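So you can see what is in the structure, the chains are spelled out below.
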Amino acid sequence: MTALRDFDLGATLECGQCFRWDRQPDGSYRGTAGGKALCVSQDHMEAAMDDPFWRAYFDLDRDYAAIREALSASSPVLAKAASFAPGIRILQQDPWEALCSFIISQNNNIPRIKGIISRLCEAFGEEMEQGVRCFPSPERLAGLEEEDLACLRCGFRARYILDAARKVASGEVDLEALRAAPLAQAREQLMAIVGVGPKVADCALLYGLHRLEAFPMDVWMKRAMKEWFPGRKPEDFGPYAGIAQQYLFHYIRTAPPGGQSVSA
């Protein structure tokens, strides 16, 4: 039995940053990433800790306690948000899967997002083991037409998925190059994809390319910034702005309203 400090498996997998993990009746989680499948629980993390791929995926080697301490010292709001869910970590997901998933997430809820992604993998992903399929590559999707995606029931997003696949497959958008590009430039390149705005671009940067300074702004975060940080900008949170964002996002969505009365 192996429990980790500063790591909450459930909070990490259910805070809206990933969509291919499902909670099992016994409390464990079954999911896939990078062409691998895993069943893991909070108290039995051996399989993840002993495998370099999963250690990197769950970001287990980063000192989140030190990051949380620094963020908490900068603001009482952040201190309260971080203490509400101190075990959240930013997953190191596949860049293409994260980009495509957050394109699908637009104007959508999590059950529908998961349903569309499940159908996408079932229809076009390669089988990795019995009954489990990989996320389809951009090259696999690039040659398809919108009618080919009708089975996904993803509506207007079909055009966006195909444009993203074609631009990534052709190299017009080089995801790996965006790891080192200036953040504003990386965001701009992603926004060259039809249907990708600042929020989806920042989600792809944070959750897919592990650009921890990226700070996705959806309606929840706009509300949080207006109420708690008037006059401040995402870049004011520093190199770990994305981790601050995740603490705040989870807090404003899930904390009891009475517990959110905090001044910046």
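Residues numbered from 1 in each chain as written. Predicted model: local features only at pLDDT ≥ 70, side-chain atom pairs only at ≥ 80, totals over all residues. Heavy atoms only, no water.

### A short note on the nonpolar core
A general tendency of soluble globular proteins is for nonpolar side chains to be buried together.
Okay, so step 1: Within the largest apolar cluster, 73 residues are counted, with the highest numbers of intra-cluster contacts made by W96, L99, L190, F237 and L248.
Okay, so step 2: Of all the elements, helix α13 (residues 241-254) adds the most residues to this core, at eight residues.
Okay, so step 3: Beyond its immediate chain neighbours, meaning those up to four positions away, L190 contacts L99, V173, L175, L178, V196, A201, A204 and L205.
Okay, so step 4: Y29, A33, L38 and L91 belong to the second-largest nonpolar core, a separate cluster that totals 16 residues. (Core = buried A, V, L, I, M, F, W, Y, C linked by side-chain atoms within 4.5 Å. Buried < 20%, exposed > 50% of the residue type's maximum accessible area, 1.4 Å probe, protein only. Helix = DSSP H or I, 4+ residues; strand = E, 2+ residues; numbered from the N terminus. Contact = heavy atoms within 4.5 Å.)

### Digging into helix α9 (residues 157-170)
Think of an α-helix as turning once every 3.6 residues; residues three or four places apart then point the same way.
Okay, so step 1: Taking 1.5 Å per residue, 14 residues should reach 20 Å; α9 reaches 20 Å between its end C-alpha atoms and fits that length.
Okay, so step 2: Burial within α9 is extensive, with 10 of its 14 residues counted as buried.
Okay, so step 3: Contacts from the buried residues of α9 go to α6 (95-104), α7 (110-124) and α8 (138-142).
Okay, so step 4: A positive backbone phi angle near 90 degrees is found at G171, which sits one or two residues after α9. (Expected span 1.5 Å × (residues − 1).)

### Observations concerning the side chain of R89
Okay, so step 1: Residue placement: R89 occurs in the loop between α5 (76-84) and α6.
Okay, so step 2: The buried charged residue R89 lacks any salt bridge partner; its closest oppositely charged side chain belongs to D6, at an N-O distance of 5.0 Å.
Okay, so step 3: Non-local contacts of R89, meaning those with residues more than four positions away in its chain, are made with R5, D6, F7, T12, Q17, F58, D59, L60, D61, R62 and Y64. (Lys, Arg positive; Asp, Glu negative; His and termini not counted. Salt bridge = Lys/Arg side-chain N within 4 Å of Asp/Glu carboxyl O.)

### A few points about the sheet that holds strand β1 (residues 21-23)
Okay, so step 1: Strands sit in the order β1-β2-β3 across an open sheet of three strands; the sheet is antiparallel. For this open sheet the edge positions go to β1 and β3 (36-40), each flanked by a neighbour on one side alone. Mean inter-strand twist for the sheet, computed between neighbouring axes without regard to direction, equals 10 degrees.
Okay, so step 2: Two strands pair when backbone bridges link them, and strand β2 (residues 29-33) and β3 are joined in this way by five bridges, in the antiparallel orientation. Within β3, the position partnered with T32 by the bridge is A37. (Pairing = 2+ DSSP bridges. Axes fitted to C-alpha atoms, helices over the stretch in contact; angles between N-to-C directions.)

### So, the packing of aromatic side chains
Okay, so step 1: Using the criterion set out here, one finds 16 aromatic pairs in the structure.
Okay, so step 2: Relative to Y57, the ring of W21 lies with its centre 6.1 Å away and its plane at 40 degrees, an arrangement referred to as tilted. With W21 in strand β1 and Y57 in helix α3 (residues 52-57), this residue pair connects regions lying 36 residues apart in the sequence.
Okay, so step 3: Here the aromatic residues F7, W21, F53, W54, Y57 and F58 are joined through ring pairs into a cluster of three or more. (Phe/Tyr/Trp six-rings, centres within 6.5 Å; stacked < 30°, edge-to-face > 60°.)

### Considering the side chain of Q17
Okay, so step 1: Looking at the secondary structure, you find Q17 in the loop between α1 (9-13) and β1.
Okay, so step 2: Taking relative accessible area as the criterion, Q17 reaches 0% and is therefore assigned buried.
Okay, so step 3: Within the structure, Q17 has its side chain in polar contact with the backbone oxygen of T12 (distance 3.1 Å).
Okay, so step 4: Apart from the residues lying within four places of it in its own chain, the contact partners of Q17 are T12, R89, I90, L91, Q93, F102, Y207 and Q246. (Polar contact = N/O pair within 3.5 Å; in protein donor to acceptor, adjacent residues only side chain to side chain.)

### A short note on the packing of α5 against α13
Okay, so step 1: In contact at an axis separation of 8 Å, α5 and α13 are set at 75 degrees when each is read in the N-to-C sense. Classed by the angle they form, the pair α5 and α13 counts as roughly perpendicular. Counting all contacts with α5, which are made through V77, L78, K80, A81, A82 and F84, the residues of α13 involved are A244, Y247, L248, H250, Y251 and T254.
Okay, so step 2: Of the residues in the contact of α5 with α13, the class split is nine nonpolar, two polar and one charged. (Parallel < 35°, antiparallel > 145°, perpendicular 65-115°, else oblique. Nonpolar A, V, L, I, M, F, W, Y, C, P; charged D, E, K, R; others polar.)

### Observations concerning the pattern of salt bridges
A side chain of one charge can pair with a side chain of the opposite charge when the charged atoms of the two come close.
Okay, so step 1: On inspection of all chains with the given rule, the structure shows 12 salt bridges.
Okay, so step 2: Between D61 and R55 there is a salt bridge; the shortest N-O distance is 2.4 Å.
Okay, so step 3: On the accessibility criterion, D61 (61% relative accessible area) is exposed.
Okay, so step 4: Put simply, R179 and E176 hold a salt bridge, and the shortest N to O gap is 2.7 Å.
Okay, so step 5: Since its relative accessible area comes to 47%, E176 is described here as partly exposed.

Note that every value here comes from positions in space, so none of it alone points to a role or purpose.
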